[in-house]
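Reading the structure
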Amino acid sequence: MRGTLERGHHNIEHEHVFSSNPGFVFHDSCGFEAGAAGQFEEMKRFVVNRAVTASLKERIHAIWFCIPMTDYQRTVTAAERKFFNECDTGHVPVIVLLTKTDALHLAAMEELLDANLEVGEAKEQAAGKEEELLERWLAHIKGILDECKFPPKAYVSVQKMHEEGADCSTLVECTTNAMREEGLQRLLISTQQSSIALCVEYAVKKTLTAKMELGFMGRLQVNVKDLQRELLKWFPNKTVSAPNGILWK
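Described below are features of the structure shown in this document. Since the model is a prediction, treat every value here as computed from it, not as a measurement.

A word on the nonpolar core
Residues Phe-83, Phe-84, Val-96, Leu-98, Ile-141 and Leu-145 are the most contacted members of the largest nonpolar core, which totals 30 residues. Counting residues per element, the ones that place at least two in this core are helix 1 (37–52), strand 3 (63–68), helix 2 (78–86), strand 4 (94–99), helix 3 (104–114) and helix 4 (119–145). Ranked by the residues each element gives to this core, the list is headed by helix 4, at six residues. Met-179, Leu-184, Leu-188 and Cys-199 belong to the second largest nonpolar core, which has 13 residues in total.

Here it is in structure tokens:
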């Protein structure tokens, strides 16, 4: 969902699927801040209807609401407030994405140079200043959006997502945690064809840890093969060779 970008020519009903990972299906809205009220209502109908539809194929499972950092000093816009006050997404979590955070580099350099630092010294401290600016802005928008009627479930910052091979692990992990329902979490994790580490993390956190908390006698009663099957549910796109030579998929 793009609430603060320039008006584009996107039909939110159209599906976007990438050949590199066909497990994900995206819907992209127009930037409704610069558009007419009709565009906002079209987006709202889509979100509300797809959030409650009985068809699993048509249902949306998470919403990414993108706010670019190219103009980080601006206040939270009326369009952003309107979305979080009027769009009841029900069980579907909305995650705010602070995008284009690399744009903060110039602002960080300007602040450091204004503090009379030399260029070399400013470059050395730029990364820390960028993080400070990002935290400042995040606290600002959280303070406003968290007071809305339907606040975001989570916030995450991303950068260089347009580049091939971009690291999406933080975004996927944030989205997975926001979903909360284990079935949906497993579904999302299963699409991560390149992130075996994420599959391992959730297999341990959601399955193995629960068994370890049973206590000594409880652990003795755990069926090993059943535990293997439960763990491997987090790896549906992987083929695993067991010690006895059996292949699990």
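Considerations on a nonpolar patch on the surface
Taken together, the side chains of Ile-196, Val-200 and Val-204 define a hydrophobic patch exposed on the protein surface, amounting to about 220 Å² of accessible area. Examined against the element boundaries, Ile-196 turns out to sit in helix 7 (residues 196–212). Taking the relative accessible area as the measure of exposure, Ile-196 reaches 41% and is therefore partly exposed.

A few points about the sheet that holds strand 4
Strand order across the open sheet formed by three strands is 3-4-5, with parallel pairing between neighbours. The strands lining the two open edges of the sheet, one partner per strand, are strand 3 and strand 5 (154–157). Looking at each pair of strands side by side, their axes are set apart by 25° on average, direction ignored. In this sheet, strand 5 lies alongside strand 4 in parallel orientation, the contact comprising four bridges. Within strand 5, the position partnered with Leu-97 by the bridge is Val-156. Sheet strands in contact with helix 4 are strand 3, strand 4 and strand 5, and its direction is about 150° off that of strand 4.

Let's talk about the pattern of salt bridges
Applying the stated criterion across every chain yields a total of eight salt bridges. For Glu-132, the salt bridge goes to Lys-129, with nearest N and O atoms at 3.3 Å. In this pair, Glu-132 and Lys-129 are both assigned in helix 4, three residues apart and thus about one turn of the helix distant. Across the pair Asp-146 and Lys-142 runs a salt bridge, and its minimum N-O distance is 3.5 Å. By relative accessible area, Asp-146 is classed as partly exposed at 34%.

A word on the packing of aromatic side chains
All chains considered together, the criterion is met by three aromatic pairs. Ring centres 5.0 Å apart and planes at 55° place the aromatic pair Phe-65 and Phe-84 in the tilted group. Of this pair, Phe-65 sits in strand 3 while Phe-84 sits in helix 2, and the two are 19 residues apart along the sequence. Residue Phe-65 shares its accessibility class with Phe-84, and that shared class is buried. Here Phe-83 and Phe-84 contribute two aromatic rings whose centre-to-centre distance is 4.9 Å and whose plane-to-plane angle is 80°, an arrangement assigned as edge-to-face. Judged by relative accessible area, which is 0%, Phe-83 ranks as buried. Clustering of aromatic rings is evident, with ring pairs tying together Phe-65, Phe-83 and Phe-84. Here the basic side chain of Lys-82 rests over the ring of Phe-40, its NZ or CZ set 4.8 Å away from the ring centre.

With respect to the packing of helix 7 against helix 9 (residues 224–232)
Helix 9 packs onto helix 7 with a crossing angle of 160° between their chain directions and a minimal axis gap of 9 Å. On the basis of the axis angle, helix 7 is roughly antiparallel to helix 9. Handedness of the crossing formed by helix 7 with helix 9: right-handed. Mapping the contact onto sequence places Ala-203, Thr-207, Leu-208 and Lys-211 in helix 7 and Leu-227, Glu-230 and Leu-231 in helix 9. Among the residues forming the contact of helix 7 with helix 9, the class breakdown is four nonpolar, one polar and two charged.

What to know about the packing of helix 1 against helix 2
Contact pair helix 1 / helix 2: the axes reach a minimum separation of 12 Å and the direction vectors enclose 35°. The handedness of the crossing between helix 1 and helix 2 is right-handed. Here Phe-40, Met-43 and Lys-44 of helix 1 lie close against helix 2, whose contacting residues are Lys-82, Phe-83 and Glu-86.

Cut-off values and rules
Residues numbered from 1 in each chain as written. Predicted model: local features only at pLDDT ≥ 70, side-chain atom pairs only at ≥ 80, totals over all residues. Heavy atoms only, no water. Core = buried A, V, L, I, M, F, W, Y, C linked by side-chain atoms within 4.5 Å. Buried < 20%, exposed > 50% of the residue type's maximum accessible area, 1.4 Å probe, protein only. Helix = DSSP H or I, 4+ residues; strand = E, 2+ residues; numbered from the N terminus. Patch = residues over 30% accessible without salt bridge, like charges linked within 9 Å, V, L, I, M, F, W, Y side chains within 5 Å. Areas by Shrake-Rupley, 256 points an atom, 1.4 Å probe, with all protein chains shown as cover. Salt bridge = Lys/Arg side-chain N within 4 Å of Asp/Glu carboxyl O. Pairing = 2+ DSSP bridges. Axes fitted to C-alpha atoms, helices over the stretch in contact; angles between N-to-C directions. Contact = heavy atoms within 4.5 Å. Phe/Tyr/Trp six-rings, centres within 6.5 Å; stacked < 30°, edge-to-face > 60°. Lys NZ or Arg CZ within 6 Å of the ring centre and 35° of its normal. Parallel < 35°, antiparallel > 145°, perpendicular 65-115°, else oblique. Left-handed = near helix turned anticlockwise from the far one by under 90°. Nonpolar A, V, L, I, M, F, W, Y, C, P; charged D, E, K, R; others polar.

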